[in-house]
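# Close look at the chain arrangement
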Amino acid sequence: MSHHALTIHQAQQKLRAREISAVELTQAVLTRIQETDERLHSYLTVCTEEALAQAEAADRTLANGATPPPLCGIPVALKDVILAQGVRATAGSKILEQFIAPYDATVTQRLKEAGAVIIGKVNCDEFAMGSSNENSAFTPCRNPWDTDRVPGGSSGGSAAAVAADQACAALGTDTGGSIRLPAAFCGVVGLKPTYGRVSRFGVVAYASSLDQVGPCTKDVRDCALLLDVIAGHDPRDSTSVNTPTPGYAAHLEQGLSGLRIGIPQEYFIEGMQPEVETAVREAIAHLQGLGAEIVSISLPHTEYAVATYYIIAMAEASSNLARYDGVRYGYRASEVEDLGALYQTTRAQGFGSEVKRRIALGAYVLSAGYYDAYYLKAQKVRTLIRQDFLRAFEACDMIATPVAPTTAFRLGEKLADPLTMYLSDIFTIAVNLAGLPGLSVPCGFDQHGLPVGLQLIGPPFEEEVLLRAGYAYERGHDWRTRKPPL
Amino acid sequence: MRVTPDEVRQVAALARLSFTEEELAELTQHFDTILTYVDKLGELQTDSVEPTAHAVAVSAPLRDDVVTNTPSAAQTDALLANAPSRKARFFRVPKIIE
């Protein structure tokens, strides 16, 4: 097997046995990027020199003989909303095209402390707003399984890079499905951790009550390994929760016996692609065969999730993105007369149309006269959605659903109508509103050879049980041996 | 239409955004589609429901009021290097007082 195709745990073994060096591994991944990225556009910045220097340092650590840190010499890509000191961070936006991060995000710092090689910054929808990656201000990333199709969004570059072996693993962010949807569309594993499980310090904010950083990996074991590194309390993020992490990779093999898996009727809707439903139902049957008990549950407010999400996310976005004013960093419009014009022109020229749409709508739902009808109403429905889940978890230990109603769609297919695009997130969005962990695991292919994803949803801080189930499922299948035709 | 182009222009100005007439017409159309869709929340009776701001209960943790990060000259330079316009150790902006 070529070095670039290695998973984290495979590379770990080979690096520690000194069968390959970290520099060889990093070089193999850089070559793979060079050979494939003209077709995929996963990367916005490739950190060639820094990555090779980090790999050399990793080789020195590995030569020491002592136990190396967990990700020593492993090439990991970062979604371009996550800061890495000294490296450009665009958030997929023209307004940050020249922005050089002055410090590391906490997750980046943790990766570096774990010995990882930061291989580059990957493509995403502008400010993580989108379901297809087509809102990238630079160029849309493509799906490695069919380059006429989208990789999903907003962490499309993270999923595409991992699927195409352009990185051993990647980090993404998930506000309404932005890790799980691309993971499903690209046939890789993606996890949105519980809100508060992973620090958001140094991550460009979109909707702060929903945003969460998570791993995008080639298999479930890698997902657990990466979560072990990034999870945990951070005093620099006041929403980060101070509860211990259980050691996710250590508990993978505990099996499913006695576990109750809830199947919500509201997640198997008319109009979904029949092959998706078949693949997901087969996956559920497989989990049952492994000892899980299947129970029928109801999440009655599911149909209100998309509307609730967009009101809350747009409101938070309009507030968060007020900081892009052309004064302290980022793009500034030239030839403006006064400060008011400086703000307006800078923002009109610097932001793309979806970002402006969300900021404007967010300002509208927060404005006097509409606040109660939209924003407060959405926050109340958010309570109902969260209660649905908490009630469901009295009858089951986790919930299994499809990640999306279809496999990857074509570029341009949903661009004209924002609402159609928003509905791509119909099965992922409620998880963010309720602050729960959600795992996306590949569970088959449709007739066009496009991957299908199974979503496992857990109670707060129960990532461990999701990973255990995902791992048990994955071991019984060989989806992972199929590679995109690149 | 639920909103007029003028109302959209007004709210855009509040958000420090400006649009061409053509963009405004399209945005007004999108406002209409999206606001009509989110109206479905009106089907739910929520008078006695408490709003949720954060799914996980968060408190505002306090720390001692001491300086924890005295920036080095290099760090200050790295921050200022991102300024679109600067003079010495200051950000430059257009004149705001006549």
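Note that the coordinates shown come from a computational prediction; the quantities given were computed from them, not determined experimentally. (Residues numbered from 1 in each chain as written. Chains lettered and ligands numbered in written order. Predicted model: local features only at pLDDT ≥ 70, side-chain atom pairs only at ≥ 80, totals over all residues. Heavy atoms only, no water.)

### Quick word on unusual backbone geometry
All names here are of chain A. Ser154 follows Gly153 through a cis peptide bond whose omega is 5°. Of note, Ser154 is situated in the loop between β3 (117–122) and α5 (156–163). Even without being glycine, Ala91 reaches a positive phi, approximately 55°. Considering the arrangement of structural elements, one finds Ala91 in the loop between β2 (75–79) and α4 (106–113). Owing to a relative accessible area of 0%, Ala91 belongs among the buried residues under this scheme. (Helix = DSSP H or I, 4+ residues; strand = E, 2+ residues; numbered from the N terminus. Buried < 20%, exposed > 50% of the residue type's maximum accessible area, 1.4 Å probe, protein only.)

### Some words on the confidence of the model for chain B
Scored by pLDDT, chain B has a mean of 91; 98% of the residues are at 70 or more. Mean pLDDT in chain B bottoms out at helix α3 (residues 73–80) of chain B, which sits at 90, and peaks at helix α2 (residues 21–38) of chain B, which reaches 95. (pLDDT = per-residue confidence, 0-100.)

### Looking at the sheet that holds strand β4 (residues 169–173) of chain A
Residue and element names in this part refer to chain A. Read across the open sheet, the eleven strands follow the order β1-β3-β2-β4-β6-β5-β10-β11-β9-β7-β8; overall the sheet is mixed. Because the sheet does not close on itself, it has two edges, and the strands there are β1 (43–46) and β8 (293–297). The sheet shows a mean angle of 30° between the axes of neighbouring strands, direction not considered. Relative to strand β11 (residues 451–457), strand β10 (residues 438–445) runs antiparallel, the two being bridged by six bridges. Across the sheet, the residue bridging to Ser440 is Gln455, located in β11. Running over the sheet, helix α3 (residues 48–63) touches β1 and β3 and is turned about 155° from β3. (Pairing = 2+ DSSP bridges. Axes fitted to C-alpha atoms, helices over the stretch in contact; angles between N-to-C directions. Contact = heavy atoms within 4.5 Å.)

### With respect to the side chain of Glu474 of chain A
Residues and elements named next belong to chain A. Tracing the backbone through its elements, the reader meets Glu474 in helix α15 (residues 463–475). An unpaired buried charge is present at Glu474: no salt bridge exists, and Arg480, the closest side chain of opposite charge, is 4.5 Å distant. In contact with Glu474, not counting residues within four places along its chain, are Val189, Asp219, Val220, Arg221 and Arg480. (Lys, Arg positive; Asp, Glu negative; His and termini not counted. Salt bridge = Lys/Arg side-chain N within 4 Å of Asp/Glu carboxyl O.)

### A look at the side chain of Thr194 of chain A
Of note, Thr194 of chain A is situated in the loop between β5 (189–192) and β6 (213–217). Judged by relative accessible area, which is 0%, Thr194 of chain A ranks as buried. Within the local environment of Thr194 of chain A, its side chain forms a polar contact with the backbone nitrogen of Phe461 of chain A, the two atoms lying 2.8 Å apart. Residues contacting Thr194 of chain A, with those up to four places away along its chain left out, are Gln212, Gly435, Leu436, Pro437, Pro460, Phe461, Glu462 and Glu463 of chain A together with Val56 of chain B. (Polar contact = N/O pair within 3.5 Å; in protein donor to acceptor, adjacent residues only side chain to side chain.)

### Quick look at the pairing of β6 of chain A
Residues and elements named next belong to chain A. For β6, the buried fraction is high: five of the five residues fall into the buried class. Note: β5 against β6, two bridges, orientation antiparallel. Note on β6: the bridge partner recorded for Gly190 is Cys216.

### Some remarks on the interface of chain A and chain B
At the junction of the two partners, chain A supplies 62 residues and chain B supplies 48 residues. When the area that chain A buries against chain B is broken down by residue, the three leading residues are Tyr304, Gln344 and Lys380 of chain A, summing to 12%. In this structure, Glu303 of chain A engages Lys40 of chain B in a salt bridge whose closest nitrogen and oxygen atoms are separated by 3.3 Å. Counting the contacts that link chain A with chain B gives 16 residue pairs in polar contact (both at pLDDT 80 or more). For the side of chain A that touches chain B, the elements supplying multiple residues, two or more each, are α9 (305–320), α10 (339–350), α11 (353–366), α12 (371–392) and α13 (418–422) of chain A. (Buried area = accessible area lost by both parts, 1.4 Å probe.)

### Observations regarding the pattern of salt bridges
Where side chains of opposite charge bring their charged atoms close, a pairing between them can arise. Residue and element names in this part refer to chain A. By the definition in use, this model includes 21 salt bridges over all chains. Across the salt bridge formed by Asp59 and Arg18, the nearest N and O atoms sit 3.9 Å from each other. Pair noted here: Asp59 is in helix α3 and Arg18 is in the loop between α1 (8–16) and α2 (22–40), with a separation of 41 residues, a long-range link. Classification of Asp59 as buried rests on a relative accessible area of 12%. A residue is classified by how much of its surface remains accessible, and Arg18, at 40% relative accessible area, is partly exposed. Here Asp397 and Arg260 are joined by a salt bridge, their closest N and O atoms 3.3 Å apart. Of this pair, Asp397 sits in the loop between α12 and β9 (398–402) while Arg260 sits in strand β7 (residues 260–264), placing them 137 residues apart in sequence. Accessibility expressed as a relative area gives 24% for Asp397, which makes it partly exposed. Within the structure, one salt-bridge network assembled from shared partners comprises Asp165, Lys218 and Lys483.

### Looking at the pairing of β8 of chain A
In this sheet, β8 of chain A lies alongside β7 of chain A in parallel orientation, the contact comprising five bridges. Counterpart to Arg260 of chain A in the pairing with β8 of chain A is Glu293 of chain A.

### Here we look at α12 of chain A
Given a rise of 1.5 Å per residue, 22 residues ought to cover 32 Å, and the 31 Å separating the end C-alpha atoms of α12 of chain A matches this to within 8%. Its maximal kink placed at Lys377 of chain A, α12 of chain A deviates by approximately 30°. (Expected span 1.5 Å × (residues − 1). Bend = angle between axes of the 7 residues up to and from the residue.)

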